[in-house]
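Understanding the architecture of this molecule
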Amino acid sequence: MARDELLSLTGDRWFKSLGSATQEILLTRGRLLRVRGREFAVRKGDPANGFYGVVSGVLAASSVLEDGREMIFGLLEPGDWFGEASSLDGLPRTHDIQALRNSELLHIAPPVFEDLMQDVGFARSIAVLQTGRTRTMFSFFEDAALRTTRARIARRLLRLARGDANALPRVRRVILITHETLALMLGLTRQTLSLELKAIAATGAVSLSYGRIVIESVETLKVLSEL
C-alpha cells in the first residue's frame with residue numbers, strides 16, 4: 001500500500017494531533033497486517049503485543065461469557081486505534097478484536113510504542129485517547145441504567161452515523177450493520193431490537209433493509225434519543 005494512501009486512511013483527528021515526526025515514525029516503523037473476515041486480530045487473554053491503527057475494513061471489539069453470551073462493545077473502522085491500554089500496563093488483552101470483513105491494520109510493535117512514549121506530546125495524546133474511551137463507556141453505562149430501550153437504540157444509531165469509536169469526523173446516513181450485530185452491541189434480543197426498530201421506522205426517523213439502516217431524519221432520531 002502506498003504511503004500516501006496509508007496516511008489518508010489513518011488521518012483521523014487523533015492522528016492529525018500528533019507531531020509530524022511522530023506521524024512519520026508510526027507510518028514508517030508500523031507493519032501492515034491483513035486480517036480476513038471473521039478472523040481475530042486479538043483474542044481476550046492474549047499477551048500485550050502492540051498498538052494498532054485500522055487502515056481498512058471493520059472490526060468488532062467484543063467479549064464472550066462462559067455461557068456463550070456475547071457483547072459487542074464497539075466497531076472499529078479506518079482511522080480508529082486500539083491496544084493502548086495493554087501497551088501501557090503490559091497486562092493481557094481484555095477483549096476480542098474480530099474482523100467483520102477483510103481488514104488491514106497498522107501494527108506498532110511494543111518497542112516502537114515504548115520509544116514513542118518517551119515523547120511528552122505522544123504520551124499526552126495516548127492519555128487523550130484513553131480519556132475518550134472512558135467517557136464513552138460512562139455514557140453507555142448511563143444509557144443502560146437510565147434510558148428506555150428505544151432511546152438507547154436511537155442514541156447508538158446516532159453514534160454509528162459519526163463512527164462508533166468517534167475517530168473520524170464522518171457523517172453518514174447509511175449504516176451498514178446487521179440486526180444481529182446491533183443487538184449484540186446493545187445487549188438486546190434480536191426480537192426486541194426488531195420490534196423497536198420497526199417502531200422507530202414508523203416515525204420516519206429511519207428506513208430498514210437487509211444489512212443496513214438508513215437515517216432519514218436526524219432530528220427525529222435525536223428526539224427519540226431523549227425519551
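Residues numbered from 1 in each chain as written. Predicted model: local features only at pLDDT ≥ 70, side-chain atom pairs only at ≥ 80, totals over all residues. Heavy atoms only, no water.

1. What about the packing of helix H7 (residues 149–162) against helix H10 (residues 218–225)?
When two helices pack together, their arrangement is given by the angle between their axes and by how far apart the axes lie. Where H7 contacts H10, the two axes come as close as 7 Å, and the packing angle between them is 135 degrees. The orientation of H7 relative to H10 falls into the category oblique. Every pair of crossing elements has a handedness; the one defined by H7 and H10 is left-handed. Along its contact with H7, which presents Ala-151, Ala-154, Arg-155, Leu-157 and Leu-158, the element H10 presents Val-218, Leu-221, Lys-222, Leu-224 and Ser-225. Here the residues of the contact of H7 with H10 sort into seven nonpolar, one polar and two charged. (Axes fitted to C-alpha atoms, helices over the stretch in contact; angles between N-to-C directions. Helix = DSSP H or I, 4+ residues; strand = E, 2+ residues; numbered from the N terminus. Parallel < 35°, antiparallel > 145°, perpendicular 65-115°, else oblique. Left-handed = near helix turned anticlockwise from the far one by under 90°. Contact = heavy atoms within 4.5 Å. Nonpolar A, V, L, I, M, F, W, Y, C, P; charged D, E, K, R; others polar.)

2. Focus: the layout of surface pockets
The calculated volume of the second largest pocket comes to roughly 440 Å³. The wall of the second largest pocket is formed by 22 residues, among which Val-58, Leu-100, Leu-176, Ile-177 and Thr-181 lie closest to the centre. Sorting the residues of the lining of the second largest pocket by element identifies strand S4 (59–64), strand S5 (70–76), strand S9 (174–176) and helix H8 (179–186) as the ones contributing at least two each. The class makeup of the residues in the lining of the second largest pocket is 11 nonpolar, five polar and six charged. (1 Å grid on protein atoms, 1.4 Å probe; cavity = no way out; pocket = protein on both sides within 12 Å on 5 of 7 lines; lining within 4 Å. Points joined across faces, edges and corners; volume = space filled by probe spheres on them.)

3. Structural notes on the pairing of S5
With six bridges connecting them, S4 and S5 associate as antiparallel partners. Of the residues in S5, the one forming a bridge with Ala-61 is Gly-74. In this antiparallel pair of consecutive strands, S4 and S5, the connection spans five residues, and Gly-68 shows a positive phi of 95 degrees. (Pairing = 2+ DSSP bridges.)

4. With respect to the side chain of Glu-196
Relative to the helices and strands, Glu-196 is located in helix H9 (residues 190–202). Looking at Glu-196, the relative accessible area reads 16%, which means it is buried. Not counting chain neighbours up to four residues away, the residues in contact with Glu-196 comprise Thr-149, Arg-150 and Ile-153. (Buried < 20%, exposed > 50% of the residue type's maximum accessible area, 1.4 Å probe, protein only.)

5. Some remarks on a nonpolar patch on the surface
A cluster of nonpolar residues, Phe-73, Met-137, Phe-138 and Phe-141, forms a patch on the protein surface that exposes about 400 Å² of accessible area. Among the elements that line the nonpolar patch, the one with the most residues is helix H6 (residues 120–146), at three residues. Here Phe-138 lies in helix H6. (Patch = residues over 30% accessible without salt bridge, like charges linked within 9 Å, V, L, I, M, F, W, Y side chains within 5 Å. Areas by Shrake-Rupley, 256 points an atom, 1.4 Å probe, with all protein chains shown as cover. Salt bridge = Lys/Arg side-chain N within 4 Å of Asp/Glu carboxyl O.)

6. Topic: the pattern of salt bridges
Should their charged atoms come close, side chains of opposite charge can pair. Inspection of every chain in the model, using the stated rule, returns 11 salt bridges. Residues Asp-96 and Arg-43 are paired through a salt bridge, measuring 3.3 Å at the closest nitrogen-oxygen approach. Pair noted here: Asp-96 is in strand S7 (residues 96–99) and Arg-43 is in the loop between strand S2 (40–42) and strand S3 (51–56), with a separation of 53 residues, a long-range link. Using a relative accessible area of 7% as the deciding quantity, one classes Asp-96 as buried. Owing to a relative accessible area of 39%, Arg-43 belongs among the partly exposed residues under this scheme.

7. Details of the packing of H7 against H8
Running from amino to carboxyl end, H7 crosses H8 at an angle of 110 degrees, the nearest separation of the two axes being 11 Å. As summarised for this structure, H7 and H8 are arranged roughly perpendicular, according to the angle between their axes. The hand of the H7/H8 crossing is right-handed. The segment H7 lies against H8, with Arg-152, Ile-153, Arg-156, Leu-157 and Leu-160 engaging Leu-182, Met-185 and Leu-186. Within the contact of H7 with H8, the residues separate by chemical class into six nonpolar, no polar and two charged.

8. So, the sheet that holds S4
Across the sheet, four strands lie side by side as S2-S7-S4-S5; this open sheet has antiparallel pairing. A strand with exactly one partner marks an edge of an open sheet, and here the two such strands are S2 and S5. Each strand of the sheet is rotated relative to its neighbour by a mean of 35 degrees, with strand direction disregarded. Where S4 lies against S7, four bridges are found, and the strand directions are antiparallel. Of the residues in S7, the one forming a bridge with Ser-62 is Asp-96.

9. Remarks on H10
Within H10, the full set of buried residues consists of Leu-221, Leu-224 and Ser-225. Buried residues in H10, looked at end-on, bunch into an arc of 100 degrees, giving them a common side. Exposed and facing more than 90 degrees away from the buried side of H10 are Glu-219 and Val-223. Of the surrounding elements, those touching the buried residues of H10 are H7, H9, strand S10 (206–209) and strand S11 (212–215). (Arc of directions from axis to C-beta.)

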